[in-house]
Amino acid sequence: FAGDVFEDNTAIHSGGAVHGYGSMTLTDTTFTRNSASAGYGSGGALFQGDYASVVDATDCTFVDNEAVYFGLGGAMYTNGSTTLRGGAVQRNEAGYLGGGIFFLQTLELDGVDFGGVGDDNTPHDLASYTYFGDYSGVTSTVCNPSACAP
């Protein structure tokens, strides 16, 4: 996807705007007010369900997306390795873990704006099954399912 806008989409289960099983490359793409709305819905805006695939996003915006009830990843749920460069992940909400991003393998962040007071992701910016926390604003961070470090 390049330069696309996904607004006000809803999925009954996962991936309010995009639900895929394969590598994804996103550039200058915007996801706003998308929802995974039922039960264990995950990835309010984007769901990537393949462990062997990659999500590579540059200068993308994820704002006001939600994965409700027991949802994982208000903005994004990824099974494969994920890299985000630039862009913003703000005011997203998950019913359970990872208001911003829920990830199962590695997550690399470089210059992503997770906002500040009033722009927080709920309940956390980042989460996996064994880690959850807020992004420290470090320019480059690499996370695995148990920790994040610059």
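As a reminder, the structure under discussion sits directly above these lines.
Residues numbered from 1 in each chain as written. Predicted model: local features only at pLDDT ≥ 70, side-chain atom pairs only at ≥ 80, totals over all residues. Heavy atoms only, no water.

Trainee: Please explain the overall build of the protein as it appears in this structure.
Mentor: When helices and strands are tallied, the protein shows 0 helices and 20 strands. If you line up the protein on its principal axes, its C-alpha atoms span 35 × 35 × 30 Å. Counting all 150 residues of the protein, 50% fall into the buried class. When contacts within the protein are restricted to residue pairs at least 6 apart in sequence, those whose partners lie at least 24 apart make up 75%. Just so you have it, the protein exposes about 6400 Å², and 52% of that area is on carbon and sulfur atoms. (Helix = DSSP H or I, 4+ residues; strand = E, 2+ residues; numbered from the N terminus. Buried < 20%, exposed > 50% of the residue type's maximum accessible area, 1.4 Å probe, protein only. Contact = heavy atoms within 4.5 Å. Areas by Shrake-Rupley, 256 points an atom, 1.4 Å probe, with all protein chains shown as cover.)

Trainee: Can you walk me through a nonpolar patch on the surface in this structure?
Mentor: Judged by side-chain polarity, Tyr-40, Tyr-69, Phe-70 and Tyr-96 come together as a nonpolar surface patch covering roughly 550 Å² of accessible area. The topology assignment puts Tyr-96 in the loop between β14 (93-94) and β15 (101-103). (Patch = residues over 30% accessible without salt bridge, like charges linked within 9 Å, V, L, I, M, F, W, Y side chains within 5 Å. Salt bridge = Lys/Arg side-chain N within 4 Å of Asp/Glu carboxyl O.)

Trainee: Which parts of the structure should I look at to understand the sheet that holds strand β9 (residues 61-63)?
Mentor: Picture the strands of a sheet paired through backbone hydrogen bonds; they go either parallel or antiparallel. Strand order in this open sheet of 4 strands is β1-β5-β9-β13, and the pairing throughout is parallel. Where the open sheet ends on each side, the last strands, each with one partner, are β1 (5-7) and β13 (88-90). Going across the sheet, the axis of each strand differs from the next one's by a mean of 5 degrees, ignoring polarity. Here 3 bridges tie strand β5 (residues 30-32) to β9, and the two strands are oriented parallel to one another. What sits directly across from Thr-30, in β9, is Thr-61. (Pairing = 2+ DSSP bridges. Axes fitted to C-alpha atoms, helices over the stretch in contact; angles between N-to-C directions.)

Trainee: Looking at this structure, how should I read the sheet that holds strand β6 (residues 35-36)?
Mentor: In spatial order, the strands read β2-β6-β10-β14; together these 4 strands make up an open sheet with parallel pairing. The two strands at the open ends of the sheet, each matched to only one other strand, are β2 (10-11) and β14. Strand direction decides the pairing type here: β6 and strand β10 (residues 66-67), joined by 2 bridges, are parallel. Paired with Ser-35 across the bridge in β10 is Glu-66.

Trainee: Mind showing me how you'd approach the pattern of salt bridges here?
Mentor: Side chains that differ in charge, positive against negative, can pair when their charged atoms come close. Following the criterion strictly, the structure yields 5 salt bridges and no others. Of the charged contacts, one joins Arg-33 and Asp-8 as a salt bridge, the two residues approaching to 2.8 Å between their closest N and O atoms. With Arg-33 in the loop between β5 and β6 and Asp-8 in the loop between β1 and β2, this residue pair connects regions lying 25 residues apart in the sequence. Residues joined in a network through salt bridges with shared partners are Glu-7, Asp-8 and Arg-33.

Trainee: How should the pairing of strand β16 (residues 107-110) be read in this particular structure?
Mentor: Across a regular strand the side chains alternate sides, sitting on one face of the sheet and then on the other. By the alternation rule, side chains of β16 split into Leu-107 and Leu-109, which are all buried, and Glu-108 and Asp-110, of which none is buried. Alignment of strand β12 (residues 81-85) against β16, held across 4 bridges, turns out to be parallel. Across the sheet, the residue bridging to Arg-85 is Asp-110, located in β16.

The analysis is restricted to geometry; functional conclusions fall outside its scope.
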